[in-house]
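Summary of the model geometry
The residues making up each chain are set out below.
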Amino acid sequence: MRIKTLDELVGFYVKLGYVGFKLKSVIEKDKRYAQLLKKRKDYLTKIGVSSSEQKKYVLLTGKDIEILRRCNRLEKNAGQDADIIKLIKSQLEEDWRRPLLKKLKALGKKCR
């Protein structure tokens, strides 16, 4: 099977039953991963994803990139929705639980 993208590589291992950290571990051991990752980084730079965003967010799949791009477009005119867009973007981080818990705690204080 010829795998051409990170999405296809991830999909291949997901079909084999890998998820979460096991999925990440097995992908990182795959020789194709480094090549595909370089290709992905070049593509991200080409479409305007900043280097700081590439470091901050896990942009492993096309869906991750789409989420980031949509959020970036919406942020410009977000107004009151800026907070929710920030929360959505936080879900692309390696440690997505920390900002989610922070937001839930703030909501809990608000509801008291």
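Residues numbered from 1 in each chain as written. Predicted model: local features only at pLDDT ≥ 70, side-chain atom pairs only at ≥ 80, totals over all residues. Heavy atoms only, no water.

Here the focus is a nonpolar patch on the surface. Among the surface-exposed residues, Ile67, Ile84 and Ile88 lie close enough to one another that they form a single nonpolar patch of about 230 Å² accessible area. When you line up the elements, Ile88 lands in helix α6 (residues 82-90). Accessibility expressed as a relative area gives 36% for Ile88, which makes it partly exposed. (Patch = residues over 30% accessible without salt bridge, like charges linked within 9 Å, V, L, I, M, F, W, Y side chains within 5 Å. Areas by Shrake-Rupley, 256 points an atom, 1.4 Å probe, with all protein chains shown as cover. Salt bridge = Lys/Arg side-chain N within 4 Å of Asp/Glu carboxyl O. Helix = DSSP H or I, 4+ residues; strand = E, 2+ residues; numbered from the N terminus. Buried < 20%, exposed > 50% of the residue type's maximum accessible area, 1.4 Å probe, protein only.)

Along its 16 residues, helix α3 (residues 31-46) runs 24 Å from first to last C-alpha, staying within 8% of the 22 Å computed at 1.5 Å per residue. If you check which residues of α3 are buried, you get Tyr33, Leu36, Arg40 and Leu44. The buried residues of α3 occupy an angular sector of 80° when projected down its axis, which confines them to one face. Those residues of α3 that are exposed and angled more than 90 degrees off the buried face are Lys31, Ala34, Gln35, Lys38, Lys39, Thr45 and Lys46. In this structure, the buried residues of α3 make contact with α1 (6-15), α2 (20-29), α4 (51-56) and α5 (62-75). Within two residues after α3, Gly48 carries a phi angle of roughly 95°, on the positive side. (Expected span 1.5 Å × (residues − 1). Arc of directions from axis to C-beta. Contact = heavy atoms within 4.5 Å.)

Looking now at the environment of Asp64. Looking at where Asp64 falls in the secondary structure, it is placed in helix α5. Overall, Asp64 belongs to the buried group, its relative accessible area being 17%. In the structure, Asp64 is positioned 20 residues away from Ile84 in sequence and 17 Å away in space, judged by C-alpha atoms. Contacts of Asp64, omitting those with residues within four sequence positions, involve Val58, Leu59 and Leu92.

What follows covers the pattern of salt bridges. A complete count under the given rule lists 8 salt bridges for this structure. Among the salt bridges present, the one from Glu94 reaches Lys24, with a minimum N-O distance of 3.3 Å. Remark: Lys24 occurs in helix α2 and Glu94 occurs in the loop between α6 and α7 (97-110); sequence separation between them is 70 residues. A relative accessible area of 47% means that Glu94 is categorised as partly exposed. For Lys24, a relative accessible area of 36% corresponds to the partly exposed category. As a salt-bridge pair, Glu75 and Lys89 come within 3.1 Å of each other at their nearest N and O atoms. Here Glu75 is found in helix α5, whereas its partner Lys89 is found in helix α6, with 14 residues between them in sequence. Judged by its relative accessible area of 38%, Glu75 falls in the partly exposed class. When its relative accessible area of 8% is taken as the criterion, Lys89 is described as buried.

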